Amino acid sequence: MLAVPEGNVIHHHARRLGRAFTRKQVHADSPQGRFADGAAHVDGHRIRRVEAHGKHLFIGVDDGTWIHVHLGLFGKWRFGRGERPVPVGQVRLRIWTDEAWAELRGPTACELLMDAEKRDLVRRIGPDPIRKDADPERAWSRVHRSSTSIGALLMDQKVFAGVGNIYRAEVLFRHELNPYRPGREVSRETFDALWVDLVVLMTKGTKRGRIDTVREEHLPEAMGRAPREDRHGGEVYVYRRDGRPCLLCGAEVQVADLQGRKLYWCPSCQPA
DNA sequence: AGCTCATGGCGAG
DNA sequence: TCGCCCTGAGCTG
């Protein structure tokens, strides 16, 4: 299973886990041992529902508890049908029925939460563009009174839940927004367009399980690129394209460090 | 075999 | 802002 842990992929995982385990009585264990107590607690119980909020995934158990999973940078789910494979390496959690299995490795978080703890966690993160119940006003109220750059705000999970480094770079490019512009200097019109675009792009990314952000009219230019430019698995304008010409204007795509993460942008299409 | 880097986030200072 | 945690792929030698 390709793991690309921005919000779109977490929602993709939630759907997959939901289809396999909702209303099913499951088995669970932790071959690695680091979630042994949690797995033993869940083993033999029925799964109620599976939810994604930003990059957080919650598996609801019939006693009201939740398995909370955050993949971080390295976490991965694997899914399969039929008999579960013999665990190889560090497997934190396995869930299975007679028909299907799922295997989790390398997550930043895998813990059992009480219902109140899960609600508090969801309340603490910002609106998630993929969720129908998301309230963009919460994001706007943070952005429009902030001196922090829009590039940093897009990565702040308390402002925009689920946006990662690829969507950050790409949505800024699509709106000709300089990453260093302070949030308070982003107009309401621009914010609204940005939000709608995140909803469209990330929802599409959930269905496809990959990130594509290049508009149809620019696809011929994108398709003409060397294959090694496309290592993230989708078609993009600027992400990881530093030193190469912008697809639209030919200027050299820039890269810089912003709060320990790489930021990509076109200096000509996204002027200061 | 060993090093670097990655789509993330936390806590210490 | 830095160091640290988690894992695996893609280099280098």
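The rules behind each value
Residues numbered from 1 in each chain as written. Chains lettered and ligands numbered in written order. Predicted model: local features only at pLDDT ≥ 70, side-chain atom pairs only at ≥ 80, totals over all residues. Heavy atoms only, no water. Helix = DSSP H or I, 4+ residues; strand = E, 2+ residues; numbered from the N terminus. Contact = heavy atoms within 4.5 Å. Near = heavy atom within 4 Å. Polar contact = N/O pair within 3.5 Å; in protein donor to acceptor, adjacent residues only side chain to side chain. Nonpolar A, V, L, I, M, F, W, Y, C, P; charged D, E, K, R; others polar. Buried < 20%, exposed > 50% of the residue type's maximum accessible area, 1.4 Å probe, protein only. Arc of directions from axis to C-beta.

So, the environment of tryptophan 140
In this structure, tryptophan 140 sits in helix H4 (residues 136-143). Considered as a pair, tryptophan 140 and valine 122 are 18 residues apart in the sequence and their alpha carbons are 18 Å apart. Setting aside anything within four residues of it in sequence, one finds tryptophan 140 in contact with Val186, Ser187, Arg188 and Phe191.

Some points on the protein's contact with DNA strand C
Near DNA strand C you find Gln32, Arg34, Phe74, Gln90, Arg105, Gly106 and Thr108, and these make up its full shell. Contacts to DNA strand C include arginine 34, whose side-chain N or O atom sits 3.5 Å from a phosphate oxygen. Across the surface near DNA strand C, the residue classes tally to 1 nonpolar, 4 polar and 2 charged.

A short note on unusual backbone geometry
The phi dihedral of arginine 23 falls on the positive side, at around 65°, and the residue is not glycine. Turning to its location among the elements, arginine 23 is positioned in the loop between helix H1 (7-21) and strand E1 (27-29). Its relative accessible area of 65% is what places arginine 23 among the exposed residues. Positive phi outside glycine occurs at arginine 240, with the angle close to 60°. Positionally, arginine 240 belongs in the loop between helix H8 (219-223) and strand E9 (254-258). On the basis of relative accessible area, arginine 240 is assigned to the partly exposed category, the value being 40%.

Some details on the side chain of serine 149
By the secondary structure assignment, serine 149 is in the loop between H4 and helix H5 (150-155). Residues contacting serine 149, with those up to four places away along its chain left out, are Pro179, Tyr180, Arg181, Pro182, Gly183 and Leu258.

Some remarks on H4
Listed as buried for H4 are Ala139, Trp140 and Val143. For H4, the buried positions fall inside an angular range of 100° around the axis, keeping them on one side. Of the surrounding elements, those touching the buried residues of H4 are H5 and helix H7 (188-208). The opening residue of H4, the one whose side-chain oxygen lies 3.0 Å from the backbone nitrogen of glutamate 137, is aspartate 135.

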